[in-house]
Amino acid sequence: MPRKRVTDEGDELLARLGSLTAQARRRAELQRTQVELAIALQRGMLPRDLPTAPGLHLAVRYAPANFGLNVGGDWYDAFAMPDGRIGLSIGDVQGHNIEAAAFMGQVRAGLRALASVSSEPGELLARTNDLLLSLGSELFATCTFMRLDPVTAVLESARAGHTPYVWATADGKSGVVDDEGGPPLGIGKGMEYPVTRHRLTTGGVFVLVTDGVVEGPSLNIEDGLDQVVRLAGIAAVAGLEAHTLAGAVIKGAESVGHEDDAAVLVVGLDGPADRRRAD
């Protein structure tokens, strides 16, 4: 074979490899930019400050997925409502891309806006469901919304296909809330969301999580929730601070075996002695 032909074929191969490398580099840059944009979008839509009330402790933790384009739409929220009660929500949008992150912002904004019209959790989720359907998106979201009266410590909640939440009391009792719940938001019209009522006892906690904390290839949801129950029980009995419990729960997401968004929201109430010190 003539040397010139061999050289030409080698040059052509190198040129092709160079072109493929450049294309791969451009795609990688585009993917990284999309991931950075989605994460910035997520963080920008999460609340900067949490509402306060005497004796009440709120703590949150959030860990966005950032493996490839695996960026989802988990969120948490806490805000004061016009009637003096506090709205609390946590949720997860279907999908792991920038569209999911944007849809998350629509759900969170919709919940806040509609809470000024009706703060009753079941009706609020039903109205939000109808709003999302009117937007014409093919995405859906799971969500838990709570309305807490900081004066009476009465907590009302409704759940839209979301991971059950965990409770624990200072006397050593703990478990997973067994409520009926309803379907995810954005699935169909005319959905109903039953309301469950609790009283936040002195030294007690409620722990809300997204499925990235308790479920994955290495951990089934039952074991994941049991893990949160154990942590909440220990924290309530030992009187640990809400942010300490939230940190311990989010660390458990490392054992689920995949890269996914993870969000934790802890609601706690001081004991009488702690309130006297605060005064």
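Here, the structure is the one placed above.
Computed from a predicted model, the values in this text were never measured in an experiment. (Residues numbered from 1 in each chain as written. Predicted model: local features only at pLDDT ≥ 70, side-chain atom pairs only at ≥ 80, totals over all residues. Heavy atoms only, no water.)

1. A few points about the overall build of the chain
Working step 1: Helix and strand counts for the chain come out as seven helices and 10 strands.
Working step 2: A burial count over the chain gives 47% of its 279 residues as buried.
Working step 3: Considering only contacts in the chain between residues 6 or more positions apart, those separated by 24 or more positions represent 72%.
Working step 4: When the accessible surface of the chain is summed, it comes to about 13,900 Å², and 53% of that surface belongs to carbon and sulfur atoms. (Helix = DSSP H or I, 4+ residues; strand = E, 2+ residues; numbered from the N terminus. Buried < 20%, exposed > 50% of the residue type's maximum accessible area, 1.4 Å probe, protein only. Contact = heavy atoms within 4.5 Å. Areas by Shrake-Rupley, 256 points an atom, 1.4 Å probe, with all protein chains shown as cover.)

2. Things to note about helix H6 (residues 242–251)
Working step 1: Buried within H6 are the following residues: Ala-242, Leu-245, Ala-246, Val-249 and Ile-250. Angularly, the buried residues of H6 cover 130 degrees about the axis, an arc narrow enough to put them on a single face.
Working step 2: If you follow the buried residues of H6, they end up packed against strand S1 (56–63), strand S9 (205–209), helix H4 (211–214), helix H5 (221–238) and strand S10 (262–269). (Arc of directions from axis to C-beta.)

3. Quick notes on the packing of H5 against H6
Working step 1: In contact at an axis separation of 10 Å, H5 and H6 are set at 160 degrees when each is read in the N-to-C sense. Between H5 and H6, the angle falls in the class roughly antiparallel. With respect to the hand of their crossing, H5 and H6 are arranged in right-handed fashion. Here Val-228, Leu-231, Ala-232 and Ala-235 of H5 lie close against H6, whose contacting residues are Leu-245, Ala-248 and Val-249.
Working step 2: Here the residues of the contact of H5 with H6 sort into seven nonpolar, no polar and no charged. (Axes fitted to C-alpha atoms, helices over the stretch in contact; angles between N-to-C directions. Parallel < 35°, antiparallel > 145°, perpendicular 65-115°, else oblique. Left-handed = near helix turned anticlockwise from the far one by under 90°. Nonpolar A, V, L, I, M, F, W, Y, C, P; charged D, E, K, R; others polar.)

4. Here's the deal with the packing of aromatic side chains
Working step 1: For the coordinates displayed, the defined rule picks out three aromatic pairs.
Working step 2: Judged by centre distance (6.4 Å) and plane angle (45 degrees), the rings of Phe-79 and Phe-145 are tilted. Of the two residues, Phe-79 is situated in strand S2 (residues 75–80) and Phe-145 in strand S4 (residues 141–149); the sequence distance between them amounts to 66 residues. (Phe/Tyr/Trp six-rings, centres within 6.5 Å; stacked < 30°, edge-to-face > 60°.)

5. Here's the deal with a negative patch on the surface
Working step 1: A cluster of like negative charges, contributed by Glu-215, Glu-222, Asp-223 and Asp-226, occupies part of the molecular surface.
Working step 2: Locating Glu-215 in the fold gives a position in the loop between H4 and H5. (Patch = residues over 30% accessible without salt bridge, like charges linked within 9 Å, V, L, I, M, F, W, Y side chains within 5 Å. Salt bridge = Lys/Arg side-chain N within 4 Å of Asp/Glu carboxyl O. Lys, Arg positive; Asp, Glu negative; His and termini not counted. Charge placed at Lys NZ, Arg CZ, Asp CG, Glu CD.)

6. Some words on the pairing of strand S3 (residues 86–93)
Working step 1: Among the eight residues in S3, eight count as buried, and that is most of the element.
Working step 2: In S3, alternate side chains face the same way, and those of Ile-86, Leu-88, Ile-90 and Asp-92 on one face and Gly-87, Ser-89, Gly-91 and Val-93 on the other are all buried.
Working step 3: In this sheet, S3 lies alongside S2 in antiparallel orientation, the contact comprising six bridges. Within S3, the residue paired with Trp-75 across the bridge is Gly-91.
Working step 4: If you look at the hairpin formed by S2 and S3, you'll find five residues sitting between the two strands, and Gly-84 has a positive phi there, around 95 degrees.
Working step 5: Examined bridge by bridge, S3 and S4 share eight bridges and lie antiparallel to one another. (Pairing = 2+ DSSP bridges.)

7. Overview of the side chain of Asp-74
Working step 1: Tracing the backbone through its elements, the reader meets Asp-74 in the loop between S1 and S2.
Working step 2: With relative accessibility at 1%, the residue Asp-74 sits in the buried group.
Working step 3: Polar side-chain contacts of Asp-74 include one of 2.8 Å to the side chain of Thr-210.
Working step 4: Discounting residues that sit within four places of it in the chain, Asp-74 has contacts with Tyr-62, Gly-91, Asp-92, Met-104, Thr-210, Asp-261, Ala-262 and Ala-263. (Polar contact = N/O pair within 3.5 Å; in protein donor to acceptor, adjacent residues only side chain to side chain.)

8. Considering the sheet that holds strand S7 (residues 174–176)
Working step 1: In space, the five strands of this open sheet follow the order S1-S10-S9-S6-S7, with antiparallel pairing throughout. One side of each edge strand has no neighbouring strand; the edge strands of this open sheet are S1 and S7. Looking at each pair of strands side by side, their axes are set apart by 15 degrees on average, direction ignored.
Working step 2: Pairing geometry for S9 and S10, over five bridges, is antiparallel. Counterpart to Val-207 in the pairing with S10 is Val-266.
Working step 3: Sitting on the sheet, H5 is in contact with strand S6 (166–168), S7 and S9, with an inclination near 25 degrees to S6.

9. A few points about the sheet that holds S2
Working step 1: Sheet architecture is open: five strands sit in the order S2-S3-S4-S5-S8, paired in antiparallel fashion. With partners counted over all chains shown, the strands left at the sheet margins are S2 and strand S8 (196–199), one partner each. For this sheet the average axis-to-axis angle between neighbouring strands, irrespective of direction, equals 20 degrees.
Working step 2: Sitting on the sheet, helix H2 (residues 98–115) touches S2, S3 and S4, and the angle it makes with S2 is about 20 degrees.
Working step 3: Taken strand by strand, helix H3 (residues 121–134) contacts S4 and strand S5 (154–160), and its axis lies near 30 degrees from that of S5.

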